[in-house]
Amino acid sequence: MFKLEKVLAQIESLNEEAMAGAQARLDDLAKPQGSLGVMEAIAKKIAGITGRAVPKISQKTCILMAGDHGVMEEGFNAYPQAVTAQMVQNFLNGGAAMNVFSRHVGAELLVVDIGVAADFADHPLLMKKKVAYGTLNISNGPAMTVEQALKAIETGFEVAEGCLARGSDLLGLGEMGIGNTTPSTALLAVFSGTPLAEITGRGTGASDELLKLKIKAIEKALAVNNPAADEPLAALAKVGGLEIAGLVGVILAGAANRVPIVLDGFISGAAALVASALNPRVKDYLLASHLSDEPGHKKMLELIGVRPILFMDMRLGEGTGAALAMNIIEVSVKILRDMATFSAAA
């Protein structure tokens with residue numbers, strides 16, 4: 001708990017002076033003022049995050065947290081739990097969509113086993129940080145203990161801080177965990193109070209019948225665990241996931257070290273909900289890569305207070321949206337840094 005409190009206390013507001021400097025330069029660029037729209041807002045925000053009026057992005061890293069979920073026992077998912085481990089191996093073999101995306105944008109990809117219900121051989125891309133072999137069934141009781149949730153968050157700290165020490169200055173979030181839209185929906189219900197029928201999606205392609213089972217499983221989880229929005233750590237332990245908790249740690253570490261964090265979709269959004277409940281200043285350090293096809297994602301981003309950059313009807317996860325948006329974020333910063341100004345061009 002002390003480590004968490006220390007990191008939360010380090011998170012500061014955006015640097016207004018740097019943002020003012022960035023805005024002055026944006027207004028002086030050799031183009032009509034505001035003509036690059038959202039990209040100008042991104043550049044200004046990154047100036048405020050980093051504290052530099054003319055920031056620079058040198059190294060991009062995508063952190064993919066993987067974990068399994070005991071709620072899969074409820075039988076609502078179209079894919080078996082074993083697919084989590086199979087997909088982790090696919091990431092390590094370089095054959096997944098996220099491998100293609102991260103290579104395309106020139107981002108380092110790290111895969112973190114924080115809670116997969118299987119073991120893996122050593123691999124250069126893999127960080128073995130297992131807190132448990134998956135969570136327990138949230139329909140019957142808590143997903144994990146508060147101690148396990150804290151350990152997973154602190155694992156996120158450790159992974160993120162290692163990336164920053166190696167020079168990463170833009171962090172993207174990714175995840176893998178069959179069934180993880182279920183705890184994410186449960187967390188959204190806790191923090192939004194929205195009826196489950198409005199925010200529960202089909203995940204990896206559930207049928208109408210499986211969707212009903214999924215909603216029933218979440219209803220049971222909320223009734224059994226009684227999670228509360230004003231107790232975000234306890235809510236995370238009760239109805240969350242290990243990979244979600246790990247991403248909470250990555251978000252908090254990034255914010256504490258003034259590094260921008262790129263959210264992916266619904267799962268990383270759930271982590272952002274918890275992180276911003278722990279410290280509302282967190283939202284200033286977040287960039288939402290895209291609006292997921294998951295029905296609850298729009299509500300989630302509204303609660304966090306961030307606008308999506310892309311609208312692509314994506315719902316794959318893995319960090320694909322975060323990777324895709326990194327190029328836009330990077331060019332937004334390059335515009336601020338590399339474009340000629342009216343003053344210089346005379």
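Located above this text is the structure these notes cover.
Before going into details, it helps to say that this report is about the structure given with it. (Residues numbered from 1 in each chain as written. Predicted model: local features only at pLDDT ≥ 70, side-chain atom pairs only at ≥ 80, totals over all residues. Heavy atoms only, no water.)

1. Digging into the overall build of the chain
Okay, so step 1: Secondary structure assignment for the chain yields 15 helices and seven strands.
Okay, so step 2: Here the C-alpha atoms of the chain give a radius of gyration of 20 Å, agreeing with the 20 Å that 2.2 N^0.38 yields for 346 residues.
Okay, so step 3: Reported as C-alpha extents along the three principal axes, the dimensions of the chain are approximately 70 × 40 × 40 Å.
Okay, so step 4: By residue count, 57% of the 346 residues in the chain fall in the buried class.
Okay, so step 5: Contacts in the chain between residues far apart in sequence, at least 24 positions, make up 76% of those at least 6 positions apart.
Okay, so step 6: As displayed, the chain offers around 13,500 Å² of accessible surface, 53% of which is attributable to carbon and sulfur atoms. (Helix = DSSP H or I, 4+ residues; strand = E, 2+ residues; numbered from the N terminus. Rg over C-alpha atoms; globule rule 2.2 N^0.38 Å. Buried < 20%, exposed > 50% of the residue type's maximum accessible area, 1.4 Å probe, protein only. Contact = heavy atoms within 4.5 Å. Areas by Shrake-Rupley, 256 points an atom, 1.4 Å probe, with all protein chains shown as cover.)

2. What about the state of the cysteines?
Okay, so step 1: With the rule as written, the count across this model stands at zero disulfides.
Okay, so step 2: Free of any disulfide, C62 has its nearest neighbouring cysteine sulfur in C163, separated by 9.9 Å.
Okay, so step 3: Classification of C62 as buried rests on a relative accessible area of 1%.
Okay, so step 4: Residue C163 is classed as buried on the basis of its relative accessible area of 0%. (Disulfide = S-S within 2.5 Å.)

3. Focus: the packing of helix α12 (residues 266–278) against helix α13 (residues 297–304)
Okay, so step 1: At a minimum axis separation of 10 Å, α12 and α13 run at an interaxial angle of 30°. In terms of axis orientation, α12 runs roughly parallel to α13. The element α12 and its partner α13 pack so that their crossing is left-handed. Here F266, G269, A270, A272 and L273 of α12 come into contact with α13, specifically with H297, M300, L303 and I304.
Okay, so step 2: Of the residues in the contact of α12 with α13, the class split is seven nonpolar, two polar and no charged. (Axes fitted to C-alpha atoms, helices over the stretch in contact; angles between N-to-C directions. Parallel < 35°, antiparallel > 145°, perpendicular 65-115°, else oblique. Left-handed = near helix turned anticlockwise from the far one by under 90°. Nonpolar A, V, L, I, M, F, W, Y, C, P; charged D, E, K, R; others polar.)

4. Structural notes on the pairing of strand β1 (residues 60–67)
Okay, so step 1: With eight of its eight residues buried, β1 lies for the most part within the structure.
Okay, so step 2: Covered by surrounding structure in β1 are K60, C62, L64 and A66 together with T61, I63, M65 and G67, the residues of both alternating faces.

5. A few points about the packing of aromatic side chains
Aromatic rings in a pair are described by how distant their centres are and how their planes are angled relative to each other.
Okay, so step 1: According to the stated counting rule, one finds zero aromatic pairs in the structure shown.
Okay, so step 2: Over the aromatic face of Y133 sits the side chain of K130, whose NZ or CZ is 4.6 Å from the ring centroid. (Phe/Tyr/Trp six-rings, centres within 6.5 Å; stacked < 30°, edge-to-face > 60°. Lys NZ or Arg CZ within 6 Å of the ring centre and 35° of its normal.)

6. A look at the pattern of salt bridges
Okay, so step 1: This model, assessed by the stated rule, comprises twelve salt bridges.
Okay, so step 2: Residue K31 is joined to E40 by a salt bridge in which the shortest nitrogen-to-oxygen separation is 2.6 Å. Across this residue pair, the class does not change: K31 and E40 are buried. (Salt bridge = Lys/Arg side-chain N within 4 Å of Asp/Glu carboxyl O.)

7. A few points about the nonpolar core
For soluble globular proteins, nonpolar side chains are generally found buried alongside one another.
Okay, so step 1: Grouped together as the largest cluster of nonpolar side chains are 78 residues, with contacts concentrated most on L171, L187, L236, I251, L252 and L286.
Okay, so step 2: Of all the elements, helix α11 (residues 242–256) adds the most residues to this core, at eleven residues.
Okay, so step 3: Excluding residues within four positions of it along the chain, L286 makes contact with K45, I251, I261, L263, A272, I304 and V306. (Core = buried A, V, L, I, M, F, W, Y, C linked by side-chain atoms within 4.5 Å.)

8. Brief notes about the packing of helix α7 (residues 181–192) against helix α9 (residues 208–225)
Okay, so step 1: Axis separation between α7 and α9 bottoms out at 10 Å; the angle between their running directions is 55°. Here α7 lies oblique to α9, going by the angle between them. Our pair here, α7 against α9, has a crossing hand that is right-handed. Along the contact surface, α7 presents T181, T182, T185, A186, A189 and V190, while α9 presents K214, I218 and L222.
Okay, so step 2: Across the contact of α7 with α9, the residue classes tally to five nonpolar, three polar and one charged.

9. Focus on the layout of surface pockets
Empty space left among the atoms is revealed by rolling a probe the size of a water molecule over them.
Okay, so step 1: Volume-wise, the largest pocket comes out at about 510 Å³.
Okay, so step 2: Every residue lining the largest pocket is counted, 31 residues in all, and those nearest its centre are G203, T204, R315, L316 and G317.
Okay, so step 3: Looking at the lining of the largest pocket residue by residue, the class counts come to twelve nonpolar, twelve polar and seven charged.
Okay, so step 4: Only α3 (38–50), β6 (286–290) and β7 (308–310) provide two or more residues apiece to the lining of the second largest pocket.
Okay, so step 5: Looking at which element gives the most residues to the lining of the second largest pocket, the answer is α3, with five residues. (1 Å grid on protein atoms, 1.4 Å probe; cavity = no way out; pocket = protein on both sides within 12 Å on 5 of 7 lines; lining within 4 Å. Points joined across faces, edges and corners; volume = space filled by probe spheres on them.)

10. Observations concerning helix α5 (residues 97–105)
Okay, so step 1: What α5 keeps buried is the set M98, N99, S102 and V105. For α5, the arc enclosing every buried residue in end-on projection is 145°, short of the 170-degree limit, so these residues lie on one face. Of the residues in α5, the exposed ones pointing more than 90 degrees away from the buried face are R103 and H104.
Okay, so step 2: Here the buried face of α5 lies against β1, α4 (82–93), β2 (108–115) and α14 (320–338).
Okay, so step 3: In the segment just after α5, G106 is the residue with positive phi, at about 70°. (Arc of directions from axis to C-beta.)

11. Observations concerning α12
Okay, so step 1: In a regular helix each residue adds 1.5 Å, so 13 residues correspond to 18 Å; α12 covers 19 Å between its end C-alpha atoms and thus fits that length.
Okay, so step 2: Judged by how many residues are buried, α12 sits mostly within the fold: eleven of 13 residues are covered.
Okay, so step 3: Among the residues making up α12, those that are buried are F266, I267, S268, G269, A270, A271, A272, L273, V274, A275 and S276. (Expected span 1.5 Å × (residues − 1).)

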